[in-house]
Amino acid sequence: MRVLVIGNGAREHAIVWKLSQDKNISEIFAIPGNAGIAQIAKCIEEKMDNIQGIIDIAKEYKIDWTIVGPELPLSLGIVDIFEKEGLKIWGPNKEGAKLEYSKAFAKEIMKTSKIPTAEFKIFDSFSSAVEFVKKTSYPLVIKADGLCGGKGVKIAESYESAVQILHEYMINKIFGPSGEKVVIEEYLEGKEFSLIAIIKNGDFYFLPSAQDYKRVGEGNTGENTGGMGSFSPVPWINEEILKKCEKNIFRPLLDELTKRNINYQGFLYGGLILVRNEPYVLEFNVRLGDPEAQVILPLLNFNFTDILYRTNFPWLSDKKALCVVLASKGYPGNYETGKEIIFKNINFQNLYIFHAGTVKRNGKILTSGGRVLSVTSWGENFKEIRERVYNAIDEIYFENKYYRKDIGIELI
Ligand SMILES: Nc1ncnc2c1ncn2[C@@H]1O[C@H](COP(=O)(O)OP(=O)(O)O)[C@@H](O)[C@H]1O
Ligand SMILES: [Mg+2]
């Protein structure tokens, strides 16, 4: 079987790595991939928003199954277009992907199906949004409706800051059309975690729970990033909480999607928060998370192609995994690229390095992005896993290497 993976991050490297252990697969392709992916797959240059270009490649290379990593092609309806052409693809169609590319849609569907989530109001006019924030209490959360690459959510502590945020989104349009509509919601206090399900044939199967570290600085300080590290499973997510996630969130959501004739298949990521021991939804994503994928995929004791054939997905194992992201200093702000990466004496026992922003030039591997590498290890015990990850990091050299030293500190 010939498989194509779309994306260029460490998440997609993790998918390709998992596929490479699958005996059903003869060849792996990636669009556009990166220097790490190129070690185990054939990378083909194409823009991720050029759906017709991707279809042409899938046909030319006789691809049997395509797996979509990031949200952008899903929001452009890549699944609908592939299926119309009779090509097999893993991910939700455009209507399903709306759960991520419209936060207002996701909130509305949660309200209809009584899924626990923060109280909210939706506005598409600046003046009525300002009217509302005048007479509400703080802090509150302001979210751009559309895709903003993880930058569209702000916490407002006061009326003045709320107006400023609304002005930037709705008048200055710093996110273009993505910020023309906003969701203003109640601030929830609690512990965040990620729970991703495989959704297939109207049913869902949880993957191990995960936690990521969004802030750039140690002690969860500084700006939000795409994610600086992660671990899985989350020790404080027990069976009882998972049952609540099933009963109060995923089951009613799936029932409501079915009612609306939205046939969802693919990964569904719940960005959840535990408030007084009750799980609430902060957001849905319609794909695997990054860096969650890097710690979840090494724990699965089934093949990636099993998703195509099987109807249940037991992952029960005692294994755990932890990932630390190496970034270019300055990320998520400005940073330099083109720095040579040298890997010295790394012990690859239960350890793998997933690439994100890397390119190969003249035989050298260079940095090419903000997040550069995801150093991931797995095993029985978080203390040992964590030591392996940080020992490997000491053996990786590039100018302006930045990483958090406190990933998983609370686990030991
Ligand atoms: N209602 C809320 N209460 C408290 N914090 C929130 C709330 N909604 C979002 N956040 C914080 O903002 C982050 C980003 O919000 P999220 O809805 O996940 O959007 P995105 O990932 O698209 O930026 C969350 O991980 C959480 O830390
Ligand atoms: Mg989020």
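S.K.: Looking at this structure, how should I read the overall build of the chain?
M.R.: From N to C terminus, the chain includes 12 helices and 25 strands. A compact globule built from 412 residues should have a C-alpha radius of gyration of about 22 Å, and the chain, at 21 Å, falls within 12% of that. By principal-axis analysis of the C-alpha atoms, the chain measures approximately 60 × 45 × 45 Å. For the chain, the proportion of its 412 residues judged to be buried stands at 44%. Within the chain, contacts between residues at least 6 apart in sequence are counted, and of these 67% link residues at least 24 apart.

S.K.: Before we go on, may I ask you to explain the nonpolar core in this structure?
M.R.: Side chains of nonpolar character tend, in soluble globular proteins, to be buried together. Counting residues in each nonpolar core, the largest one holds 93 residues, and the members touching the most others are Val-5, Ile-15, Val-16, Ala-30, Ile-196 and Leu-268. With 7 residues, strand S18 (residues 320-328) is the largest single contributor of residues to this core. Inspection of this core shows a minimum of three residues originating in each of domain 1 (2-91) and domain 3 (191-411). Among all residues touching Val-16, those that are not within four sequence positions of it are Val-5, Ile-28, Ala-30, Ile-37, Ile-40 and Ala-41. Ala-156, Leu-166, Tyr-169 and Val-183 belong to the second largest nonpolar core, which has 16 residues in total.

S.K.: I keep staring at unusual backbone geometry and nothing clicks. Help me out?
M.R.: A cis amide bond links Ile-31 to the next residue, Pro-32, at an omega of -15°. Position of Pro-32 among the secondary structure elements: in strand S2 (residues 27-32). Tyr-138 connects to Pro-139 through a cis peptide bond whose omega is 0°. The residue Pro-139 is located in the loop between helix H7 (126-134) and strand S7 (140-144) in this model.

S.K.: It is not clear to me how the site of ligand 1 should be interpreted in this structure. Could you clarify?
M.R.: Ala-118, Val-141, Val-153, Leu-188 and Glu-283 are the nearest of the 15 residues found near ligand 1. Listed by contribution, the elements that provide at least two residues to the shell around ligand 1 are S7, strand S9 (182-186) and strand S17 (278-285). The residue inventory of the shell around ligand 1, partitioned by class, reads 6 nonpolar, 3 polar and 6 charged. When residues are assigned to domains, the shell around ligand 1 turns out to be shared by domain 2 (125-180) and domain 3 (191-411), each giving three or more.

S.K.: Explain the pairing of strand S15 (residues 229-232) to me, please; I cannot follow it from the model alone.
M.R.: In regular strands, side chains alternate between the two faces of the sheet. Residues Gly-229 and Phe-231 line one face of S15 and the alternating positions Ser-230 and Ser-232 line the opposite face, and both faces are buried. Bridge count between strand S12 (residues 211-212) and S15: 2 bridges; the pairing is antiparallel. Residue pairing for S15: Asp-212 is matched across the bridge by Ser-230. Direction of pairing for S15 relative to S18: antiparallel, over a ladder of 4 bridges. The partner of Gly-229 across the bridge, within S18, is Val-324.

S.K.: Any chance you could explain the environment of Ala-106 here in plain terms?
M.R.: Mapped onto the fold, Ala-106 is located in helix H6 (residues 103-112). Residue class for Ala-106 comes out buried when judged on the 24 C-beta atoms lying within 10 Å of it. Taking the C-alpha atoms as reference points, Ala-106 and Glu-283, 177 residues apart in sequence, are found 7.5 Å from one another. Each residue touching Ala-106, except ones within four places of it in the same chain, is listed here: Leu-99, Glu-283 and Phe-284.

S.K.: Any chance you could explain the domain arrangement of the chain here in plain terms?
M.R.: Interface size, as often reported, equals the accessible area lost upon joining of the parts. Taken as a whole, the chain is organised into domain 1 (2-91), domain 2 (125-180) and domain 3 (191-411). Placing a centre on the C-alpha atoms of domain 1 and another on those of domain 2 gives a separation of 35 Å.

S.K.: Would you explain the pairing of S7 in this entry?
M.R.: Taken across its 5 residues, S7 has 4 buried, putting it largely inside the fold. Sheet analysis places S7 next to S9, joined by 5 bridges and oriented antiparallel. Each bridged residue has a counterpart across the sheet, and for Val-141 the counterpart in S9 is Glu-185.

S.K.: Would you take a moment to explain the sheet that holds strand S5 (residues 89-90) for this structure?
M.R.: Within a sheet, adjacent strands bond to each other through the backbone by hydrogen bonds, running parallel or antiparallel. Spatially, S3-S2-S1-S4-S5 is the arrangement adopted by the 5 strands of the open sheet, whose pairing is parallel. Edge positions in the sheet fall to strand S3 (42-43) and S5, since each of these pairs with one other strand and no more. Alignment of strand S1 (residues 2-7) against S2, held across 6 bridges, turns out to be parallel. Counterpart to Leu-4 in the pairing with S2 is Phe-29.

Reading guide: rules and limits
- Residues numbered from 1 in each chain as written.
- Chains lettered and ligands numbered in written order.
- Predicted model: local features only at pLDDT ≥ 70, side-chain atom pairs only at ≥ 80, totals over all residues.
- Helix = DSSP H or I, 4+ residues; strand = E, 2+ residues; numbered from the N terminus.
- Rg over C-alpha atoms; globule rule 2.2 N^0.38 Å.
- Buried ≥ 20, exposed ≤ 12 C-beta atoms within 10 Å, placed from the backbone.
- Contact = placed C-beta atoms within 7 Å.
- Core = buried A, V, L, I, M, F, W, Y, C linked by C-beta atoms within 7 Å.
- Domains from an automatic or database assignment.
- Near = placed C-beta within 6 Å.
- Nonpolar A, V, L, I, M, F, W, Y, C, P; charged D, E, K, R; others polar.
- Pairing = 2+ DSSP bridges.

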